[in-house]
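Below, each chain spelled out in residue letters.
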Amino acid sequence: MSVNQSIKPITSEVKNNHLIVGGCDTVELAEKYGTPLYVIDESTLRKVCKEYVDAFKAYPNATVLYASKALATSAIFKIVTQEGLGLDVVSGGEIYTAYKAEIDMSTLMFNGNNKQEWELEAAVDVGVGRISADNFHDIELLGKISKSRNKAVNILLRITPGIDCHTHEYIQTGHLDSKFGFDLTQVDEAVKLVTSDYPLITIKGLHAHIGSQIFDTAGYIDEAKILANELARLNKEYSLNLSELNLGGGLGVKYTHEDNPPEIGEVADVVINTLSGEFKNLGLKNIKLYIEPGRSVISTSGVTLYTVGAEKQVPKGAKYISVDGGMADNPRPSMYQAEYTCDAANKMNNPKEELVTIAGRFCESGDILIKDIKLPSLVPGDIICIYNTGAYNYSMASNYNRVQKPGMVLVNNSQSDIIVYRETLEDLISQDNIPDRLK
Ligand SMILES: Cc1ncc(COP(=O)(O)O)c(C=O)c1O
């Protein structure tokens with residue numbers, strides 16, 4: 001089974017009625033580090049990285065980039081790059097994190113629809129390997145930056161291939177009415193602009209990303225075909241030598257028992273077979289392939305531990321169990337109606353006899369983490385473990401209600417290490433200032 005097809009980290013087991021992850025008792029982790037707590041299982045993360053690298057070995061020249069927007073921390077960058085992945089980054093902050101973690105900058109690809117000038121300058125200065133130009137503004141800024149530094153810059157052109165991949169509206173990015181990338185009708189103008197005005201910029205190839213939490217490989221087939229044909233067309237019409245394709249990320253994970261994502265190997269086979277066929281027909285040789293998965297790399301490794309607090313039984317209605325976190329540490333349910341599953345980490349073998357709704361602690365009625373789930377009877381102090389929270393939880397977390405962001409621990413072989421410290425009350429006010437006239 002592919003890691004992305006598992007709801008729980010691969011090391012999950014039950015001992016003495018407790019949930020164990022990475023050899024660590026999650027109830028003890030909650031006690032030691034406090035809750036809410038993000039827990040990342042190193043074995044699951046390394047296994048999925050290996051799976052990706054192995055799956056794409058069948059292609060002669062493929063690089064897997066971890067889309068760090070899913071979870072960007074220094075330790076996570078260390079692990080994924082040790083496993084042979086590069087990084088897809090989307091901000092100066094992600095570049096800085098990688099730089100300070102001493103990641104090889106040439107393995108970075110910089111994406112984004114409104115990269116700031118200082119971010120592009122930083123990317124060029126530290127030698128980020130590829131920049132995906134999303135729009136004319138990007139090209140103009142890069143032209144200026146490359147000229148002022150007399151430095152060559154390698155770019156891909158991000159295009160919107162016009163694919164509807166049947167995922168949630170907010171996470172579709174490759175359809176035509178999208179803020180990302182050049183529309184196919186604008187690509188020629190972009191090529192002309194670069195080749196005529198910016199001699200230090202080299203267009204190495206094309207990039208697209210068709211969406212997220214994708215279960216149907218058909219979208220990748222369409223995307224691969226469109227990109228391969230577009231690359232061949234541009235090479236022919238403008239006598240270029242574009243030789244790189246980045247198909248983006250998007251592979252789904254199993255948040256709930258109903259979710260049925262394809263295996264990583266299946267997606268790799270589909271992509272490799274489609275591209276090989278297209279390249280042969282189009283007479284293209286030695287085309288470098290990038291893919292940039294985020295969610296499917298990190299999601300399954302992560303669980304979040306919460307402590308049960310108040311409960312409310314609505315007369316003839318739902319039973320709410322409130323936990324000590326919620327939409328500020330996991331905004332996905334309130335933002336995307338995302339669904340999760342969970343267990344009572346200290347009552348793993350108890351019968352699941354109560355239908356409850358897990359509510360967050362934040363001051364919004366919409367702060368519900370899981371609606372209607374069967375769990376054992378719960379009392380304050382019990383520990384809830386929500387699975388598959390590695391991706392887009394910490395990275396999207398906020399300080400809503402002035403609540404400190406949780407810490408994160410890495411577990412492996414019965415050892416736990418902090419990789420992100422829990423914020424303190426002092427951290428919360430550290431950027432505040434009271435002007436003199438208010439004192
Ligand atoms: C350009 C690009 N690449 C990669 C990703 C990663 O997608 P996922 O986490 O679904 O694999 C995203 C996500 O939004 C993206 O916009």
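Cut-offs and rules
Residues numbered from 1 in each chain as written. Predicted model: local features only at pLDDT ≥ 70, side-chain atom pairs only at ≥ 80, totals over all residues. Domains from an automatic or database assignment. Contact = placed C-beta atoms within 7 Å. Helix = DSSP H or I, 4+ residues; strand = E, 2+ residues; numbered from the N terminus. Nonpolar A, V, L, I, M, F, W, Y, C, P; charged D, E, K, R; others polar. Axes fitted to C-alpha atoms, helices over the stretch in contact; angles between N-to-C directions. Parallel < 35°, antiparallel > 145°, perpendicular 65-115°, else oblique. Left-handed = near helix turned anticlockwise from the far one by under 90°. Buried ≥ 20, exposed ≤ 12 C-beta atoms within 10 Å, placed from the backbone. Core = buried A, V, L, I, M, F, W, Y, C linked by C-beta atoms within 7 Å. Expected span 1.5 Å × (residues − 1). Arc of directions from axis to C-beta.

Draft legend 1. Broad picture of the domain arrangement of the chain. In terms of domain boundaries, the chain breaks down into domain 1 (3–40 + 300–429) and domain 2 (42–298). The centre of domain 1, based on its C-alpha atoms, is set 32 Å off from the matching centre of domain 2. Contact with domain 1, which involves 30 residues of that partner, is made by 27 residues of domain 2. Listing elements by their share of the side of domain 1 that touches domain 2, those giving two or more residues are strand E20 (407–412) and strand E21 (415–420). Among the residues making up the side of domain 1 that touches domain 2, the classes are represented as 16 nonpolar, 13 polar and 1 charged.

Draft legend 2. Fine view of the packing of helix H5 (residues 117–126) against helix H6 (residues 136–149). Contact geometry for H5 and H6: axes closest at 10 Å, N-to-C directions at 45°. Comparing their axes, H6 and H5 come out oblique. The handedness of the crossing between H5 and H6 is right-handed. Here Glu-117, Leu-120, Glu-121 and Val-124 of H5 lie close against H6, whose contacting residues are Leu-141, Leu-142, Ile-145, Ser-146 and Arg-149. Of the residues in the contact of H5 with H6, the class split is 5 nonpolar, 1 polar and 3 charged.

Draft legend 3. Just the environment of Lys-8, in detail. Locating Lys-8 in the fold gives a position in the segment before strand E1 (13–15). Given 19 C-beta atoms within 10 Å, Lys-8 falls into the partly exposed group. A C-alpha to C-alpha distance of 8.9 Å links Lys-8 and Tyr-255, two positions 247 residues apart in sequence.

Draft legend 4. Spotlight on the environment of Leu-176. With respect to the element layout, Leu-176 can be found in the loop between strand E9 (153–160) and strand E10 (182–183). In this structure, Leu-176 is in contact with Thr-160, Gly-162 and Asp-183, ignoring residues within four places of it in sequence.

Draft legend 5. Summary view of the nonpolar core. Of all hydrophobic cores here, the largest spans 123 residues; its most connected members are Val-39, Leu-142, Leu-305, Ile-358, Ile-384 and Cys-385. Top contributing element to this core by residue count: helix H8 (residues 218–238), with 7 residues. Lining this core are residues from two domains, each supplying at least three of them: domain 1 (3–40 + 300–429) and domain 2 (42–298). Aside from chain neighbours lying at most four places away, what touches Leu-305 is Thr-26, Leu-29, Ala-30, Thr-35, Pro-36, Leu-37, Val-39, Ala-345, Ile-383 and Cys-385.

Draft legend 6. Looking closely at H6. Taking 1.5 Å of rise per residue, 14 residues should cover 20 Å, and H6 covers 20 Å from first to last C-alpha, within 8% of that figure. Here H6 has its buried residues at Asp-138, Ile-139, Leu-141, Leu-142, Ile-145 and Ser-146. Along the axis of H6, the buried residues cluster in a sector spanning 165°; they form a single face. Buried residues along H6 sit against H5, strand E8 (130–133), E9, helix H7 (187–197) and strand E11 (201–207). Asn-150 occupies a position one or two residues after H6 and carries a positive phi of about 50°.

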